[in-house]
Amino acid sequence: MMPAGRLYVTDLLVTGEILLLNDSIRHYLLRVLRLSVGDAVILFNGDGVDHRAIIQSIDKKHVAVRLVSADYPQTESALLLTLVQSIVRSDRMDYAVQKAVE
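> Looking at this structure, I do not really get the packing of aromatic side chains. What am I missing?
Two aromatic rings are characterised by how far apart their centres lie and by the angle between their planes. Summed over the entire model, instances satisfying the criterion amount to one aromatic pair. Cation over ring: Arg 6 sits above Phe 44, and NZ or CZ is 4.0 Å from the ring centre.

> Which parts of the structure should I look at to understand the sheet that holds strand S5 (residues 63–71)?
Strand pairing within a sheet occurs via backbone hydrogen bonds; the two strands may be parallel or antiparallel. Pairing within the open sheet is mixed, and its five strands lie in the order S1-S3-S4-S5-S2. Looking along the sheet, the strands with just one partner apiece sit at the ends: strand S1 (6–8) and strand S2 (18–21). Pairwise comparison of adjacent strand axes, ignoring direction, gives a mean angle of 40 degrees for this sheet. Sheet topology places strand S3 (residues 40–44) next to strand S4 (residues 50–58); four bridges connect them, and they run antiparallel. Bridged to Ala 40 within S4 is Ile 54. Strands S1, S2, S3, S4 and S5 of the sheet are contacted by helix H1 (residues 23–32), whose axis makes an angle of about 165 degrees with S1.

> Whenever I open this one, the confidence of the model for the protein chain confuses me. Can you help?
Counting all residues, the mean pLDDT for the protein chain is 87, and 98% of those residues have values of 70 or more. No element of the protein chain has a lower mean pLDDT than helix H2 (residues 90–101), which averages 85, and none a higher one than S4, which averages 93.

> Hey, could you run me through the nonpolar core in this one?
As a rule of thumb, nonpolar side chains are buried together in soluble globular proteins. By size, the foremost hydrophobic cluster in this structure holds 15 residues, and its most contacted members are Leu 21, Leu 29, Leu 43 and Val 65. Counting residues per element, the ones that place at least two in this core are S2, H1, S3, S4 and S5. A total of three residues in this core trace back to one element, the largest contributor, which is S5. Residues within four places of Val 65 in sequence aside, it is in contact with Glu 17, Ile 18, Leu 19, Leu 21, Leu 43, Ala 53, Ile 54, Ile 55 and Gln 56.

> Would you explain the side chain of Asp 39 in this entry?
Structurally, the position occupied by Asp 39 is in the loop between H1 and S3. Reaching out from Asp 39, the side chain makes a polar contact with the backbone nitrogen of Ser 36 at a distance of 2.7 Å.

> Explanation requested: the pattern of salt bridges in the structure shown.
Oppositely charged side chains are able to pair whenever their charged atoms sit close together. Enumeration over the complete set of coordinates arrives at two salt bridges. The salt bridge involving Glu 102 is made with Lys 99; its shortest N-O contact spans 3.1 Å. Looking at Lys 99, the relative accessible area reads 40%, which means it is partly exposed.

> Sorry, what's going on with the environment of Asn 45 here?
With respect to the secondary-structure elements, Asn 45 resides in the loop between S3 and S4. Asn 45 gets classed as buried once you look at its relative accessible area, which sits at 17%. Separated by 22 residues in the primary sequence, Asn 45 and Asp 23 place their C-alpha atoms 17 Å from one another. Within the structure, the side chain of Asn 45 is placed 3.0 Å from the backbone oxygen of Asp 11, a separation counted as a polar contact. For Asn 45, the side chain forms a polar contact with the main-chain nitrogen of Asp 47, separated by 3.3 Å.

Conventions and cut-offs
- Residues numbered from 1 in each chain as written.
- Predicted model: local features only at pLDDT ≥ 70, side-chain atom pairs only at ≥ 80, totals over all residues.
- Heavy atoms only, no water.
- Phe/Tyr/Trp six-rings, centres within 6.5 Å; stacked < 30°, edge-to-face > 60°.
- Lys NZ or Arg CZ within 6 Å of the ring centre and 35° of its normal.
- Pairing = 2+ DSSP bridges.
- Helix = DSSP H or I, 4+ residues; strand = E, 2+ residues; numbered from the N terminus.
- Axes fitted to C-alpha atoms, helices over the stretch in contact; angles between N-to-C directions.
- Contact = heavy atoms within 4.5 Å.
- pLDDT = per-residue confidence, 0-100.
- Core = buried A, V, L, I, M, F, W, Y, C linked by side-chain atoms within 4.5 Å.
- Buried < 20%, exposed > 50% of the residue type's maximum accessible area, 1.4 Å probe, protein only.
- Polar contact = N/O pair within 3.5 Å; in protein donor to acceptor, adjacent residues only side chain to side chain.
- Salt bridge = Lys/Arg side-chain N within 4 Å of Asp/Glu carboxyl O.

Right, dumping it as C-alpha cells:
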C-alpha cells in the first residue's frame, strides 16, 4: 500500500516501536487526509531517515502508529545540469545568479 502522506514529528523514531502522535497531527491525518486504522504514512524528524508507519489505533486525543521500516531517501537529483551564463550588468547578473540557485 502506498503511504498517504509525509509528516514531520519531533519524536525519536525507532523501527518496531509504537508512537503516539499528538492532537494536531491526529486532526491532519483524520480530517484532512481522511485516513483510518491500517493506512500507511511516512514520518520524519530531520535526521535524514524516512520511517514508514501504519496507523494502529485512533482515540479522541492520539493516534498510535507502528514504525515498520526506515528508508534513506534519494534527495539529490539524478539530472546532470550545466548552466552557462554570459557576463551582464551587475544588477542583472545578481538576478541571474539568484534564479540559478533557486
